[in-house]
Amino acid sequence: MKILLFGATGQLGTECRKVFQQAGWELLAPSRNQVDFSKPETVALAVERLRPQLVVNACAYTAVDRAESEPQLAGLVNGVSVGRLASACAALRIPTIHISTDYVFDGRAARPYRETSAVCPLNKYGHSKLQGEQLLRLYNRRHILLRTSWVFSAHGNNFVKTMIRLGEQRSELSVVGDQVGCPSYAGDLAVIIGHLVERYQRDWQLPWGTYHCSNAEPCSWYDFAQAVMAQAVVCGLLEQQPQLHEITSAEYPFVAARPAYSVLDCSKLETLLETPIPSWRRGLERVCADLAGAVRAAAQEVTRGGERPVTVK
Ligand SMILES: NC(=O)c1ccc[n+]([C@@H]2O[C@H](COP(=O)([O-])OP(=O)(O)OC[C@H]3O[C@@H](n4cnc5c(N)ncnc54)[C@H](OP(=O)(O)O)[C@@H]3O)[C@@H](O)[C@H]2O)c1
């Protein structure tokens, strides 16, 4: 199986690389220098030149607040280029697995969002991702569109790493408690994508369409922060938990508006996979263990005379 993976250096892309390499699939993973999603023509050219059997697009402009002042760039990367990717794939009959977001919803629902729920993004990032969804559906029927939420991993920038870093620096922290969603471990998402690829490899068909894909156990950012701090102490990343104060979104200087409730109903995907998606807690344990391992390795490096700082980066 020859897979073209975009966004291979990101949180999800990094985990996808591990899963695909373990499965022994041929992996083509161009860097941003080779294929720049702010230049849509480079995306189509890459597909035409590399002729993969499947495309997985984990590339995105993910800076939610910055997108408010860079809507054009976000629109090119998350919208226009996804359209070009989809039409290039369709012309060569290549299926596309693409990732989208819970931020296509406005958060006014009182129960988990289904794939058929009405979309209404509150911010520019959400609008750009919605444009990508629409163009993907328009141009390539053979697509799997996975909407996920609150992604974290040991790699890149995310809430878990930010909380641990702040926990090292401060004894008290304020965290928003009125936004509820589902944290999603990039490692679990990559395994799910791997199952879909395996299934496609078996019969060259997938039940195309949109699926929601996040870890189970909805919580607020405040609840999640509490779990992060507790696990960081267990793993020795923090000596003690900082005191957490629950605040409202109005009290935090977000640039972009965010949905108050963006829990995704993942039962359609669970039925397809014939297995429930686990809670984010196991992924959190894994990430804290990986970060603690990296800190230990850096400490050993320092005692051997290296100069790396012993902290979560
Ligand atoms: N992070 C979340 O909380 C979250 C929540 C819901 C949905 N999602 C979706 O999940 C998917 C994966 O997210 P993630 O957290 O893994 O993202 P990420 O860590 O921010 O990684 C984004 C990837 O896209 C690449 N990229 C960005 N702009 C590019 C450009 N102009 N040209 C080429 N490559 C570019 C980055 O390359 P560089 O390494 O060179 O920057 C990186 O490999 C995305 O579709 C995202 O919208 C994420």
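Please read all numbers here as calculations on a predicted model, not as lab measurements.

## Focus on the pattern of salt bridges
Pairing of side chains with opposite charge becomes possible as their charged atoms draw close.
Piece 1. Taken as a whole, this structure holds 10 salt bridges when the rule is applied.
Piece 2. Residue R137 pairs with E133 through a salt bridge whose shortest N-O separation is 3.5 Å. Of this pair, R137 and E133 both sit in helix α4 (residues 124-139), 4 residues apart, which is roughly one turn of the helix.
Piece 3. Owing to a relative accessible area of 35%, R137 belongs among the partly exposed residues under this scheme.
Piece 4. Linked by salt bridges that have partners in common, E133, R137 and R147 make up one network.

## Some points on the side chain of D106
Piece 1. The residue D106 is located in the loop between β4 (96-101) and α4 in this model.
Piece 2. Although D106 is buried, it makes no salt bridge; R108 carries the closest opposite charge, 4.1 Å away.
Piece 3. A distance of 3.0 Å separates a polar atom in the side chain of D106 from the backbone nitrogen of R108.

## Thoughts on a negative patch on the surface
Piece 1. A contiguous patch of negative charge on the surface is contributed by D178, D223, E246 and E251.
Piece 2. Mapped onto the fold, D223 is located in helix α7 (residues 221-234).
Piece 3. By relative accessible area, which is 34% here, D223 ends up partly exposed.

## Details of the nonpolar core
Piece 1. Core analysis: the biggest nonpolar cluster contains 53 residues, and F6, M163, I164, F224 and L284 have the highest contact counts within it.
Piece 2. For this core, the elements supplying multiple residues, two or more each, are β1 (2-6), α2 (40-50), α3 (71-91), α5 (159-169), β7 (172-176), α7 and α9 (280-303).
Piece 3. Here this core takes 8 residues from α7, the largest share from any one element.
Piece 4. Apart from residues lying up to four places away in sequence, M163 is in contact with L173, V175, A225, V228 and M229.
Piece 5. In this structure, A58, I144, I192 and L273 belong to the second largest nonpolar core, which totals 40 residues.

## Quick notes on the UniProt feature "domain: RmlD-like substrate binding" (unreviewed entry) in the protein
Piece 1. Under the local residue numbering, the UniProt record ascribes the feature "domain: RmlD-like substrate binding" (unreviewed entry) to residues 1-291.
Piece 2. Within the segment residues 1-291, helix and strand shares are 42% and 16% respectively, and the terminal C-alpha atoms sit 32 Å apart.

## Regarding the site of the ligand
Piece 1. Near the ligand there are 24 residues, and of these T9, R32, T62, Y125 and K129 occur at the shortest range.
Piece 2. Within the contact set of the ligand, an oxygen atom lies 2.5 Å away from a side-chain nitrogen or oxygen of T9.
Piece 3. In the model, an oxygen atom of the ligand is placed 2.9 Å from a nitrogen or oxygen of the Q11 main chain.
Piece 4. Listed by contribution, the elements that provide at least two residues to the shell around the ligand are α1 (11-23), β4 and α4.
Piece 5. Considering each element in turn, the shell around the ligand owes the most residues, 3 residues, to β4.
Piece 6. A breakdown of the residues in the shell around the ligand according to their chemical character gives 11 nonpolar, 10 polar and 3 charged.

Parameters and conventions
- As a convention, each chain's residues are numbered from 1 in the sequence order in which they are written.
- The predicted origin of the model limits local features to residues at a pLDDT of at least 70 and limits the giving and counting of side-chain atom pairs to 80 or more, whereas totals for whole chains, interfaces and linings rest on all residues.
- With hydrogens and water excluded, all non-hydrogen atoms of the structure serve as input to the side-chain values.
- When a carboxyl oxygen of Asp or Glu lies within 4 Å of a side-chain nitrogen of Lys or Arg, that pair is called a salt bridge.
- The numbering of helices and of strands both runs from the N terminus, where a helix is a DSSP run of H or I of at least 4 residues and a strand a run of E of at least 2.
- Relative accessibility thresholds used throughout: buried, under 20% of the residue-type maximum; exposed, over 50%; partly exposed, between the two (1.4 Å probe, protein chains only).
- For the purpose of charge, His is not counted, nor are the chain termini; Lys and Arg are scored as positive and Asp and Glu as negative.
- Pairs of N or O atoms within 3.5 Å make up the polar contacts considered here, provided that, within protein, one atom can donate a hydrogen while the other can accept it, and that residues adjacent in sequence are counted only when both atoms are side-chain atoms.
- Like-charged residues are merged into a patch within 9 Å and nonpolar side chains (Val, Leu, Ile, Met, Phe, Trp, Tyr) within 5 Å, provided each residue has over 30% relative accessible area and no salt bridge.
- Per-residue and other accessible areas follow the Shrake-Rupley method at a 1.4 Å probe size, with only the shown protein chains counted as cover for residues.
- Charged groups are reduced to one reference atom each: NZ for lysine, CZ for arginine, CG for aspartic acid, CD for glutamic acid.
- Working definition of a nonpolar core: buried Ala, Val, Leu, Ile, Met, Phe, Trp, Tyr and Cys residues. They are joined through side-chain atoms within 4.5 Å.
- By the convention used here, residues are in contact when the closest approach between their heavy atoms is within 4.5 Å.
- UniProt positions are given in the numbering used here, feature names are shortened, and annotations may be inferred rather than shown by experiment.
- Whether a residue is near a molecule or strand is decided by its heavy atoms; if any one of them lies within 4 Å of it, the residue is near.
- Following the grouping adopted for this structure description, the nonpolar residues are Ala, Val, Leu, Ile, Met, Phe, Trp, Tyr, Cys and Pro, the charged ones are Asp, Glu, Lys and Arg, and the polar ones are all others, Gly among them.

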